[in-house]
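Structure at a glance
This is what each chain is made of:
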Amino acid sequence: MAEMPLIDPGKCDGCGLCVGVCHCNALAIVENVVTIDSGTGCDWCTDCEAVCSTGAITCPFEIVVQ
Amino acid sequence: MVAELEFLNSIPYFSGLDPAELEPITRLVLEKTVDRGELVALEGEPATNLYIVASGAVKVFKTSADGKEQILSIVRSGESFNDVAIFDGGPNPASARTMGPVVLYKIAKDDMKAVLRAHPRIALNVIKVLASRVRDLLSLVEDLSFKHVISRVARILAEQVEGETAAGPRLTQQEMAAMAGTAREVVGRSLKILEEEGAIKLDRHRIIITDKGVLQKMMEFG
Ligand code: SF4
Ligand code: SF4
């Protein structure tokens, strides 16, 4: 399963900003909290993290050495 | 459709006004719905409207001669853009693109000038908004113009993998920004520069350190 952005439901206020910016339709608001569909082609653009003002959705980068 | 009085009253530009004063202003403010990814202001072009974001998010950015984008700010509900060109009469200093579906309130340049003349209170509000914008931009300029931020980001990456454990440590751009004492926008740019220099490779959710020697050199940059 593809790695997806992380969600902290406790911080999400359901504003829906991230849903609108996601260009691969990976995000939706269900019962006032953001949910993520891992079957979509998320390209880790990090736009969802950039617009979220509560820090509820984050796109951590794994740092590895080649 | 005209703007909601209650919403206007809640935003920095129009706060502190009586409903009676604000009501005629709402008639000058028009609503505009825009899809995701639309350019709503273009750098270098004249500006005819002041925009206030009612819902959604707009990114304000500059494009360099070689086509690179630097985000200056993300404008959210209640905040404005295009103000600089509206008030100084010059061309737009930056472009603006909708990040998702956006509802904008727009007010024509001449109408806004008339509003300012009639309401010193709003003029004071505008000064406050613009002053804090200058403050934010100054700190961005400082970080973008000095190489030390790139070297700090390089150092953060290098420190993360010092132990070289099997599962690499994970950091968001927000966390790297906090660690480097800078803005998230500057981290994005620093990572791109490190990639161009051949120190790292961005591979979806992975930052691969491809050349430790180059990374080391970038650390000493600042
Ligand atoms: S932008 Fe943040 S707070 Fe708003 S719905 Fe998305 S995750 Fe939740
Ligand atoms: S990183 Fe980009 S593509 Fe992935 S969920 Fe967030 S906004 Fe959508």
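What counts as what
Residue indices begin from 1 for each chain and proceed along its sequence in written order. Chain labels run from A onward and ligand labels from 1 onward, assigned in the order the entries are written. The model is predicted, so local features are restricted to residues of pLDDT at least 70 and side-chain atom pairs to those at 80 or more, both for listing and for counting; the totals for chains, interfaces and linings are taken over all residues. Hydrogens and water are ignored here; the side-chain numbers use all heavy atoms of the structure. Here the limits of each domain have been adopted from an automatic or database domain assignment. Contacts between residues were defined by any pair of non-hydrogen atoms, one from each residue, lying within 4.5 Å. By definition, the buried area sums, over both parts, the 1.4 Å-probe accessible area that each loses when the two are put together. Whenever Lys or Arg places a side-chain nitrogen within 4 Å of a carboxyl oxygen from Asp or Glu, that contact is recorded as a salt bridge. Polar contact is the term for a pair of N or O atoms within 3.5 Å; when the atoms are in protein, one must be able to donate a hydrogen and the other to accept it, and sequence-neighboring residues count only if both atoms are side-chain atoms. Only DSSP runs of H or I covering at least 4 residues are called helices, and only runs of E covering at least 2 are called strands; the numbering of each starts at the N terminus. Residues are grouped as follows: nonpolar covers Ala, Val, Leu, Ile, Met, Phe, Trp, Tyr, Cys and Pro; charged covers Asp, Glu, Lys and Arg; every other residue, Gly included, is treated as polar. We define a nonpolar core as any set of buried Ala, Val, Leu, Ile, Met, Phe, Trp, Tyr and Cys residues linked to one another through side-chain atoms lying within 4.5 Å. Between buried and exposed lies partly exposed: a residue is buried under 20% and exposed over 50% of the maximum accessible area for its type, with that area taken using a 1.4 Å probe on protein chains only. If even one non-hydrogen atom of a residue comes within 4 Å of a molecule or strand, that residue is called near it. Only protein atoms enter the 1 Å grid used here. Points where a 1.4 Å probe fits but cannot escape make up a cavity, open sets with protein on both sides within 12 Å along at least five of seven lines make up a pocket, and a residue lines them when an atom lies within 4 Å of a point. Cavity and pocket membership follows a simple rule, namely that a molecule belongs there if more than half of its atoms are within 2 Å of the grid points. Strands were regarded as paired on the criterion that DSSP finds at least two bridges between them. For helices, the fitted axis covers only the stretch in contact; all axes are lines through C-alpha atoms, and the angles between them, taken along N-to-C directions, range from 0 to 180 degrees. Grid points are joined across faces, edges and corners, and a volume is the space filled by probe spheres set on the points.

Things to note about the domain arrangement of chain B
All names here are of chain B. Per the domain assignment, the segments making up chain B are domain 1 (5-144) and domain 2 (148-219). In this assembly, six residues from domain 1 lie in contact with nine residues from domain 2. Carbon and sulfur atoms make up 52% of the area that domain 1 and domain 2 hide from each other, which totals about 690 Å². For the interface between domain 1 and domain 2, the tally reads one salt bridge. In this structure, Glu-196 engages Lys-68 in a salt bridge whose closest nitrogen and oxygen atoms are separated by 3.6 Å. Between the two partners, domain 1 and domain 2, sit one residue pair in polar contact (both at pLDDT 80 or more). Per-element tally for the side of domain 1 that touches domain 2: the top contributor is helix H5 (residues 120-145), with three residues. A class-by-class count of the residues in the side of domain 1 that touches domain 2 yields three nonpolar, one polar and two charged.

Side note on the nonpolar core
The tendency in soluble globular proteins is for nonpolar side chains to be buried side by side. Counting 50 residues, the largest nonpolar core has B:Leu157, B:Met176, B:Leu194, B:Ile200 and B:Leu215 as the members making the most contacts within it. Those elements giving two or more residues to this core turn out to be helix H1 (17-21), helix H2 (47-51) and strand S5 (61-65) of chain A together with helix H6 (148-160), helix H7 (173-180), helix H8 (184-196), strand S11 (206-209) and helix H9 (212-219) of chain B. Residue contributions to this core peak at seven residues, all from H6(B). Looking at which domains feed residues into this core, each of domain 1 (5-144) and domain 2 (148-219) of chain B supplies at least three.

Some points on unusual backbone geometry
Positive phi is not limited to glycine here, since A:Asn25 has a value of about 55 degrees. Taking the relative accessible area as the measure of exposure, A:Asn25 reaches 58% and is therefore exposed. Of note, the phi angle at B:Asn82 is positive, near 80 degrees, even though the residue is not glycine. With respect to the helices and strands, B:Asn82 occurs in the loop between strand S6 (80-81) and helix H3 (83-88).

What to know about the site of ligand 2
All names here are of chain A. Residues in close proximity to ligand 2 include Pro-5, Cys-22, His-23, Cys-24, Cys-42, Asp-43, Trp-44, Cys-45, Thr-46, Cys-48 and Cys-59, which together make up its full environment. Among the cavities detected, the one that contains ligand 2 is the largest cavity. Looking at the shell around ligand 2 residue by residue, the class counts come to eight nonpolar, two polar and one charged.

Comments concerning the sheet that holds strand S9 (residues 170-171) of chain B
Reading across from one edge, S9(B)-S5(A)-S11(B)-S10(B) is the order of the four strands in this open sheet, with mixed pairing throughout. The open sheet has two free edges, formed respectively by S9 and strand S10 (200-203) of chain B, since each of these has just one partner strand. Across the sheet, H8(B) touches S10 and S11 of chain B, and the angle it forms with S10(B) is around 120 degrees.

Thoughts on the layout of surface pockets
Over the atoms rolls a probe the size of a water molecule, and in doing so it shows where empty space is left. All names here are of chain B. Of the voids in this model, the largest pocket is the one considered here, and its volume is about 1,000 Å³. What lines the largest pocket is a set of 47 residues, among which Leu-72, Ser-73, Ile-74, Arg-133 and Asp-136 lie closest to the centre. With 10 residues, the single largest contributor to the lining of the largest pocket is H5. Taken together, the residues of the lining of the largest pocket break down into 23 nonpolar, 13 polar and 11 charged. Two domains each provide a minimum of three residues to the lining of the largest pocket, namely domain 1 (5-144) and domain 2 (148-219).

Observations concerning the side chain of B:Thr26
All names here are of chain B. Here Thr-26 shows up in helix H2 (residues 19-26). Classification of Thr-26 as buried rests on a relative accessible area of 5%. Engagement of the side chain of Thr-26 in a polar contact is seen with the backbone oxygen of Glu-23, the distance being 2.5 Å.

Some details on the site of ligand 1
Residues and elements named next belong to chain A. Within the structure, ligand 1 sits among 13 residues, and Cys-12, Asp-13, Cys-15, Cys-18 and Cys-52 are positioned closest to it. Applying the majority rule of atoms within 2 Å of the grid points places ligand 1 in the second largest cavity. In terms of residue class, the shell around ligand 1 is made up of nine nonpolar, three polar and one charged.

What to know about empty space enclosed by the protein
Residues and elements named next belong to chain A. Counted under the stated rule, the structure contains two cavities of 30 Å³ or more. Quantified by volume, the largest cavity comes out at close to 100 Å³. Contributing to the lining of the largest cavity are 15 residues, with Pro-5, Cys-22, Cys-42, Cys-45 and Cys-48 lying nearest its centre. For the lining of the largest cavity, the per-class residue count stands at 12 nonpolar, two polar and one charged. One number sums up the size of the second largest cavity: a volume of about 80 Å³.

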